[in-house]
Amino acid sequence: MSKQPGVLAIGIARGILEIKQFMRQRESVVFTLLFPILLLLIFGAVFKDEIAPDVTFSQYFVAGMIASGLVNTGFQQLAITIPMERDDGTLKRLRGTPAPTASYFIGKIILVFVSMIVQVALLLAFGVALYGINLPSTPERWLTFIWVMLLGIASSTILGIAFSVVPKSGRGASAVVSPIVIILQFFSGVFFVFTQLPTWMQNFAALFPLKWLTQGMRSVFLPDSFATQEVAQSWEHGKTAIILTAWLVAGFFIALKTFRWERS
Amino acid sequence: MSNAIEVRGLRKSYRSGKSVLSAVRGIDLEVRTGEIFALLGPNGAGKTSTIEILEGYRSRDGGELTVLGEDPATTNLPVWRNRVGIVLQSTKDGADLSVAEILTHFAQYYSNPRDVNEVIASVGLEEKRNARGEHLSGGQRRRLDVALGIIGNPELLFLDEPTTGFDPEARRSFWELIRTLRSEGRTILMSTHYLDEAEALADRVAVMNNGVIIDCAPPEQLGGRDREKVNVRWREDGALHQELTDMPTDFLRKLAARIPGEIAELSINRPSLEEIYLQMIGGTNE
């Protein structure tokens, strides 16, 4: 008898299957990939002013949209679809096979990773074509972009898996998860300039990953001169990395401990 | 080891608020390697709890058990599950994947999977191999469930109410599939509501009620069925007669001697499994 397939091999097979299933749900493909572009068009049409010298609102907004795309595609999507998979028996069936729990998680991370790459590529292409968005100009900025993206994908995915135990059923999941995401988007400076928000809102948002993701993305897409307008008057890369990693690690252990395969 | 499953004193209860429901109250069970073993019982008898504990889905409150020589509660689950196939009750997953895609994917989980095309053929889904899950009928869906249960080439297969909702023809051909799996040397533990199914398939049957096993025997001996009185019916002088007897052969000789030629409307029946079963269940209901 040959050796049993490993955690990673099964995880990659699951990732490929997840992508295939995702592509076949046309509504979710359209929502995930085109909604950020739609928002960019709406906000781009409403706010035409520069918010700082050489910084258009669209430029500011692109950073926020990529960050909130991470939260939508990872956290929100998984916290809604995993309860559905619990309801329709996907998870119970998986539990009855040799596939390890971690392989299921790896499959989800691959799904979120691939859909984020496509989503961001589309958003940036539209942004550049329609609003003259400036792409990151130096290798350092691209490097920042990559680590913020990767840390964002990982933490958002893991937190979505961890949160999936909260909704009691797939049908009710959206009502539980969506308000949390929308409120965080308002509080974290996605739709508005963060420093113009009330201080209590800023402090509250600073507890959660989205604020740090948007700030990290601003450091990629806005000129360094804008850093002085941040709350701490700097991009706070170190703090961003620490807080996102803390959420990732905490989320990982919570997900592993509390993950539910069946409706109770 | 000759027994695929051994259970001693298994207990399981569920707590809801302040009340405690005892679902399984100390059962013993042996399933021999290579046999089809059926677990019968009304809803709420504890069948599913028992099977799910054996499958490693649920914890138990007490008792000892081994399944393929391992205790599912303490074994390395992924390694152990490589040897076990599980067919759950009604499922709806994989609606947007085709039969071949789902099976090809699940085959990747096992060290020694069966050939996908061979499995599709063995469950009779060749014509549906490219149909998506959502376009399968109830019976086809169940065949896919069984295909997923056997794709890993398991030594032991669990079947939880496999033919619920089937039409009679689909059930007959499904039974053939199960017999084929046994002839390949696999052990099968099934639960069912259908007595004719248990009678047609099972080498041995256990009847469960209120969390205990009230009898365990080959279907033809269940509940002392082989020792029950036999019902002989016939028509004589225009009237229907019947006789309950311990000695049907002797009785028939006398009858044949008395009545010249064919005996009209002659039938000799042992109590059906259903009659015996209903007696057993009725006798223990509180």
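Residues numbered from 1 in each chain as written. Chains lettered and ligands numbered in written order. Predicted model: local features only at pLDDT ≥ 70, side-chain atom pairs only at ≥ 80, totals over all residues.

A. Representation of the sheet that holds strand E1 (residues 3–16) of chain B within the structure. Residues and elements named next belong to chain B. Ordered by their spatial adjacency, 3 strands build an open sheet running E2-E1-E4, and the pairing between neighbours is antiparallel. Each edge of the open sheet carries a strand with a single partner, namely strand E2 (19–32) and strand E4 (62–67). Strand-to-strand twist of the sheet, defined as the mean angle between neighbouring strand axes without regard to direction, takes the value 20°. One ladder, built from 5 bridges, connects E1 with E4; its direction is antiparallel. Of the residues in E4, the one forming a bridge with glutamate 6 is threonine 66. Its contacts with the sheet put helix H1 (residues 47–54) on E1, E2 and E4, and the angle it makes with E1 is roughly 120°. (Pairing = 2+ DSSP bridges. Helix = DSSP H or I, 4+ residues; strand = E, 2+ residues; numbered from the N terminus. Axes fitted to C-alpha atoms, helices over the stretch in contact; angles between N-to-C directions. Contact = placed C-beta atoms within 7 Å.)

B. Main features of the confidence of the model for chain B. All names here are of chain B. Considering every residue of chain B, the mean pLDDT works out to 90; 98% of them sit at 70 or more. Model confidence for chain B, summarised as mean pLDDT per element, is weakest for helix H9 (residues 273–284) at 80 and strongest for helix H3 (residues 99–107) at 96. Interface scoring of the predicted complex returns ipTM 0.86; its pTM is 0.87. (pLDDT = per-residue confidence, 0-100.)

C. Main features of the interface of chain B and chain A. Each partner contributes residues to the interface: chain B has 20 residues there, and chain A has 22 residues. Counting only elements with at least two residues in the side of chain B that touches chain A, the list comes to helix H2 (77–81) and H3 of chain B. The greatest single-element share of the side of chain B that touches chain A, amounting to 3 residues, is contributed by H2 of chain B. Residues belonging to the side of chain B that touches chain A are distributed by class as follows: 9 nonpolar, 6 polar and 5 charged. (Nonpolar A, V, L, I, M, F, W, Y, C, P; charged D, E, K, R; others polar.)

D. Fine view of the sheet that holds strand E11 (residues 239–245) of chain B. Residue and element names in this part refer to chain B. If you trace the 3 strands from one edge of the open sheet to the other, you get E11-E10-E12, paired in antiparallel fashion. On the outer flanks of this sheet lie E11 and strand E12 (264–269), each paired with one strand and no other. This sheet shows a mean twist of 15° between the axes of neighbouring strands, independent of strand direction. Bridge count between strand E10 (residues 230–236) and E11: 7 bridges; the pairing is antiparallel. Bridge pairing in E11 links tryptophan 234 to histidine 241. Its contacts with the sheet place helix H8 (residues 248–258) against E10, E11 and E12, and it is angled at close to 10° to E10.

E. Representation of the packing of helix H5 (residues 101–131) of chain A against helix H6 (residues 139–163) of chain A in the model. Residues and elements named next belong to chain A. Packing of H5 against H6 leaves a shortest axis separation of 10 Å and a crossing angle of 130°. Put simply, H5 runs oblique to H6. The hand of the H5/H6 crossing is right-handed. The segment H5 lies against H6, with Phe105, Lys108, Ile109, Val112, Phe113 and Met116 engaging Met149, Ile153, Ala154, Ser156, Thr157 and Ile161. (Parallel < 35°, antiparallel > 145°, perpendicular 65-115°, else oblique. Left-handed = near helix turned anticlockwise from the far one by under 90°.)

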